Structure formats: C-alpha cells, structure tokens
Amino acid sequence: MKSVGAWLQVSSIPEMRKIIYTLLVPGSLQKVTPFQGFNRDVATPEFLSLVEIVSILPNDARELFLNHTQLVEYRRLGATKSVWAMGAQNVSLELFDEQAIHVIAVPQKHIAKALKIRSKVKSPLIILSTKSGEGIVNLRERNSLDPTFLDAELLEILKETAPIPADQLPLLRSSYNVPLELKSRINGTVRANEFKLLSLGFTFSDSKAISPLNDQNYFDAVNDILTVTKRVAYEDEAIPQLVMFSPAIAAHLYDVSSPYWNAILRLVKSQDFRSIIKDGFIRNRGYAGFKILWNGSAPDKVSEQVTGFIMHTRQREQFATVASIALLCSSGNYVPLRLPHEVNLHRGLLDDIERFRRRTDRKAAPMLQERFRSLSENLTRAAVQFQDTITTSSRITICSDVPLEWIVFNDLPLMISHEVSRIPITTGNMLMQYAAVGDSIAIPAAALHKVLVIRSFKQNDPIRNALQTAIETFKVSDTMEIIYADVANKDELVAALNGFDGLIVVFDCHGQHGGHRDSGWLQIGDDKIDTWQLFGKARIPPIAFLSACSTPTISWSHASVSNGLLRSGAFTVVGTFLDVDAFKASVFIARILDRIHGCLPALRNLGFKTVNWRMLISVFLRMSYASDILEFFNGIELISNEERHDMGIAANLEINSLDPDWHANLIGKIARSAGMSSGEVLERIRKDAALVETMLYCQHGRPELIDILLDELDHGVAERHVYASPECRQ
C-alpha cells in the first residue's frame, strides 16, 4: 500500500512546533440572529471567511514539509488541529502562554486587540485578517483556498524556534493543487465537504451549481463528494468518523401558527410570499431548493421586504452553520454528512413521545412504542440514501437538536451500533463554541476516583436515597471516594461545586425542560436552577452526569440543562432525552461508576495505555442495551432468569472485546431459547421494545476529546487543559 511508504517518509521528518489557532469572535451574546442564535457579527461574510480559512490551514508545523501523499496519510492517521473560539470582549491571555506558534484570525474591527495581545505575549504570533497592516497577513491578498498560503510566515518562525538548526530544516512544500474529477457545487449542502478536500490540497476541476428543480440532485451531490473523499483520502476504505448535521431553527419557530409567525405573516399580504416563508423556509423538507405554485399576484413592497429579510437572514445563519461544521471537521479526522431538513420536521411525534413517556396508564406503553417507531422510521428514511457511508463508519458526532441517535440501520439504533456524541445546532453560538474547543485533554485514571454527587430531595421523597443505595450495592465506594453534598438552594449548590476539586459530578435531583421558550431547570430545594446561570459562578467539572429527567430534551427549548452545563464549563454531559425511572437511573449511574473503578484497572493490566472517554461510555451503553433487551424477554417469560444471566455475561464479554457480531449472537441465543427465529425476535423488539431505557441517555459535548491515561500520573494534567477552557470558549 502506498500509505505505508508515505507514513515512513512522514515519520522521518522531526516533530515541529505546535500551531494554535484562535478566532477572536466579534459581537455580543445579547445581539443574536433571530432563527438560530448566532452573534450577529459572526454571521457575516468577513468573519465566516476567517472561520473557513482556519479550517484549511495546516494542522501543525510538520505539515509544511510533507508532499501531498504524505499529507493525506498524515491526516488519515489522525493528525489533529488546535482551534479555539474566544470572545473578543473576553480575551484571556492564558491561552497564549503555551509554547506554540499562535495564529489569531480576527475581523478588522478587532485588529487592535490582536496587536495588543501580540505585544503582551512571548510566544510567536501571526495575525490573520481581511485588512493589510504592519505584521498582519491579509487573506484577501492571498489565494486563501490554498492550504499553503501561510507557509512563508510559519517557516520564518520555525527558523528561529525549530528543534533543529534552520539550515537542516526539510524542504518547504510547494502548493499542491492536485486536481479532482469533481466540480465545486457552489452550495452549502456540500460546502463543508469541499473545504475538507481543499485542506488536503485538492482542487476542483470547475464549478457547477446544483439544479434546485429536483431534490434528488442534492442527495446525489452529497453522495458524489463522499465517494470522492473516500477514494482520495481513505484509499476506498470506510470513512471512520462522520459529523452528521442538518441546519435547524429554534424549536418553537417550527410552529407556523404561533403568535410569533402570525404577527409576521400578517404583514405579508401576498400568498406567494407567504408560501415562500412557510414552505420554502420553515417546512422545506429537502436541502436548499424548493418549488411553489406561483399564483401570479403582484407582490407588494412590504411582502417583498419582509420575505427578503427573512430569507437573507436565514441564508447567513446557514453559512455560519456550514462554516462551524467545516471548523469542527478540521480539528480531527472528521468528514461532514449533511442530512435533509426533513429530520427537523417531526415536532408532533417528538411531543407525543414525551407525553406518552410521562403517562403511567396501560395504554401509554404501546402508544409510546408506536410513536417511537414512526419517528425512527422517518429519521431513518431521511438518511437511507447515505446508509452505506453511515453503517461502515464507526464514530459519529451529531450536530442536531433532534435525536438522530434513534436512526436504525441493521436492526440497531446508531447510539448502540456506533460510538456517538452530540453537539447542539441551536443556538448557533453553542455550535461554533463547541466546534472550536482546542486540544484533546489527558486525564489520569486516578483522577476519576473522586466523584461529587449533588443531591437535592425533600426528606420524604421516596427516591432520595436511590442513587446512594445503588452505589453501595455495586460496592463502588470501596475503591472510589464518593462525596455526597445535600443542597437546598442555589448558594449551597454553588458552594458545593466550588469546594470540589475532582473531575466528575453527578446531579441527583428532579429536573425538567422549560417548554419551547424557557430554560430547563434542576430542582434544588425550592429553587428551579437554570444551569446557564452557573457560568462564572460555579466550577463545573469536565465530566457531568445528570440523573434527572429531560435534561437535553427532544422537542423543546435549546436552553436545556445539559447545554447550560456545557456553557458553564463541562466538557461532556451524559444526560436524558426524556423522563427516566429514578430507580433505574440510579442503577445506570452506579453501573457507570462501577465500570470506571473496575474496567480501567483491567485495561491497564492488559497493556493498554489510554482509553477514550466517548468509547468507554459507548461500550457501556451497548452493555446496558443488551441488558434491557434481555430484561424485556425475561419479563414476557420467553427466557428464564438463568438464561438472562448467562446471556448477559456472554454479551458483555463480546461487547468488551469489540466483537462486531455481539448483537447477532445475542438475538440468536434469545431465538433458540424462546423457540423463535431471529427474524421473529427482531420483529418483537420492533413492536414492543424499540425504545428501551438505555436509549433515553446521550453523550453531549466533546467526549471524544477526553483521553484517560491508565498509568498513575499527576492529576494536574487534566486541570491545566480543562479549566483554562471555559473562559477561552466565550
């Protein structure tokens, strides 16, 4: 294989200095776009051009000396990029203390701030903007679609700081300009994919717009560029990591009969322009194109102005979304996959699922399963044209407010078949923030043996001691320090968080969303705590678990409990889509803690040096799902207690061994014991157990960036990386 020789050549080039990219984000959090919630100054051509340019620049200084074959192989094997988004109003110099080459991408209005930063820091720093000036690189004077356009400035710094003498540096690369047999489609549907290829030194043969007259043209454009990416960047092997996304608007804005839209549509007298807003914008099931039956009525000026403003504003938000996705994909070995807007149009089903989950009558359970099947089938149908790309991948980052984890291919939901985590698509500010959170972080395994449990229940609440009982049952506290903090108000909550120096927190309390418009909350004593208000007041550990109901939510406001914790400093949050059974939730959390104190030493004894946090939780979710399925068939008396126990042990062994056939083997064993065919077992699951308890949980944030060091190392490793980040991300 050519990749082997390419990697041997790459490995002969000495390690160079790290490059850290910082985007100085303009604007105010109070002045945002109306539909998706980006800072108004972010959703501008100038700033988005800076975002896109950062996405194609070199991942590190070593890339300056790689030929094209070497570059592609270097990226394929996992070379990462360090990118931060920092509010221009809240500049933290701490980030610039790290010994690296720093590149600040800054809009013209904040160039003075970038110059001030450079005057105060010792590390070499390049300023990239859209305006010329002394010591400033103007991207408009360069071919900014060429990933080598900043090489000359980077080389000059390397000559002074490289670990080898300047005259011994390898030969600087020249522009790659490797042509593809593919045309640029000049369309946001595949724009993030095109920037992925540009960052690898490829160029497009020409440009050709996607015809909007047929929705299939957009699906074909996506599949075409995925096919080319697979061929030129992965040697026709499976694309390992996907970013699945679909631009969306705030949940309450999908209701066209709401007072918000009624007030706007009253201004639009033309039925044709009303159709553009309702069917071309809000209810568009495809990508960008749409067709309406034009009645031929003469448009009035107000109708034109209102419709024009709405469509122009949404277009800017879409550009900002795509730029954020390109930035996210550039930080690692990710390939974007945009799904049609159809996945966002199932609010009725999502509301029904939530309502039936809350009910306790006999009719509720079958109705819940029926509505879930409808939702899952609709989501799966929207993604079916990309089934091969999705099923052959192994890791997925979902950028959506919809539970795409519930897409089912090959009889398993994505959240079980794949290693999956999610980033919210609204607000846009959250999306961009979590697309640029810097490096992966290293946490020593020993640092995970200290856990804070924030508990808040009334004395007579029957579930008050459920989690503690579960933890004691699993004997977790024998090897882990579990600190219980009973809090009765916000001040006690903040004090407990600020007094804890560990890396894991569990919130054990009641919780709920705030409907379509208001923030979700945690019940702390008599207070409903909005976690968004904890930013800057409480120290939120990097890993958070929510043993509470509806903490991300599936159909309500983006201002959820889990999003608030991410905003306030958490790196990853394990939360719940819907209401959960308190006693089952307690066992779920206790089992995860048991896995930390039991699994990590076992992995170390097997010779592993590190394990990724997202993978650790994903494997646990598979084990938990297998238990749910076995519990279901035991509950309807098709397998015995002993069979359930033995099958569970066998399934766990196969799952922990990463056996790809674990699910088929489990279904086969159930079928043999129950006297059924495997097809009949799967059909029974689809009918009565399509949604099980494990599927109510999800991983929020960037858990894939957390690596656990299995050797006993100093706890400060994690502190240095994690707790610099909340301020830097604002």
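Higher on the page you've got the structure.
Rules used throughout
Residues numbered from 1 in each chain as written. Predicted model: local features only at pLDDT ≥ 70, side-chain atom pairs only at ≥ 80, totals over all residues. Heavy atoms only, no water. Axes fitted to C-alpha atoms, helices over the stretch in contact; angles between N-to-C directions. Helix = DSSP H or I, 4+ residues; strand = E, 2+ residues; numbered from the N terminus. Parallel < 35°, antiparallel > 145°, perpendicular 65-115°, else oblique. Left-handed = near helix turned anticlockwise from the far one by under 90°. Contact = heavy atoms within 4.5 Å. Nonpolar A, V, L, I, M, F, W, Y, C, P; charged D, E, K, R; others polar. Salt bridge = Lys/Arg side-chain N within 4 Å of Asp/Glu carboxyl O. Buried < 20%, exposed > 50% of the residue type's maximum accessible area, 1.4 Å probe, protein only. 1 Å grid on protein atoms, 1.4 Å probe; cavity = no way out; pocket = protein on both sides within 12 Å on 5 of 7 lines; lining within 4 Å. Points joined across faces, edges and corners; volume = space filled by probe spheres on them. Polar contact = N/O pair within 3.5 Å; in protein donor to acceptor, adjacent residues only side chain to side chain.

Here's the deal with the packing of helix H21 (residues 641-656) against helix H22 (residues 662-674)
Between H21 and H22, whose axes approach to 9 Å, the crossing angle comes to 165°. On the basis of their axis angle, the class for H21 and H22 is roughly antiparallel. The way H21 lies across H22 gives a crossing that is right-handed. Counting all contacts with H21, which are made through Glu643, Met647, Ala650, Ala651, Glu654 and Ile655, the residues of H22 involved are Trp662, Asn665, Leu666, Lys669, Ile670 and Ser673. Partitioned by chemical class, the residues of the contact of H21 with H22 number seven nonpolar, two polar and three charged.

Digging into the pattern of salt bridges
Scanning all chains against the criterion turns up 32 salt bridges. A salt bridge links arginine 314 to glutamate 317; its shortest N-O distance comes to 2.9 Å. You can see arginine 314 and its partner glutamate 317 sitting in helix H10 (residues 301-330), three residues apart, about one turn around the helix. Accessibility assignment for this pair places arginine 314 and glutamate 317 in one class, buried. Note that lysine 458 and aspartate 526 form a salt bridge whose closest N and O atoms lie 2.7 Å from each other. Of the two residues, lysine 458 is situated in the loop between strand S15 (450-456) and helix H16 (466-473) and aspartate 526 in the loop between strand S18 (518-524) and strand S19 (527-529); the sequence distance between them amounts to 68 residues.

Overview of empty space enclosed by the protein
On inspection of all chains with the given rule, the structure shows six cavities of 30 Å³ or more. The computed volume of the second largest cavity comes to approximately 70 Å³. Taken together, Ser55, Asn59, Arg75, Ala79, Lys196, Ser199, Leu200, Cys329, Ser330, Gly332 and Asn333 make up the full set of residues lining the second largest cavity. Counting only elements with at least two residues in the lining of the second largest cavity, the list comes to helix H6 (188-199) and H10. Among the residues making up the lining of the second largest cavity, the classes are represented as three nonpolar, six polar and two charged.

Let's talk about the side chain of serine 258
The topology assignment puts serine 258 in the loop between strand S8 (241-245) and helix H8 (259-265). Exposure remark for serine 258: the relative accessible area of 9% places this residue in the buried category. At 3.0 Å, the side chain of serine 258 and the backbone oxygen of aspartate 255 are in polar contact.

Points about the environment of serine 376
Topologically, serine 376 is positioned in helix H12 (residues 364-383). Separated by 30 residues in the primary sequence, serine 376 and tryptophan 406 have C-alpha atoms spaced 5.8 Å apart. Every residue in contact with serine 376, bar those within four places of it in the chain, is listed here: Trp406 and Val408.

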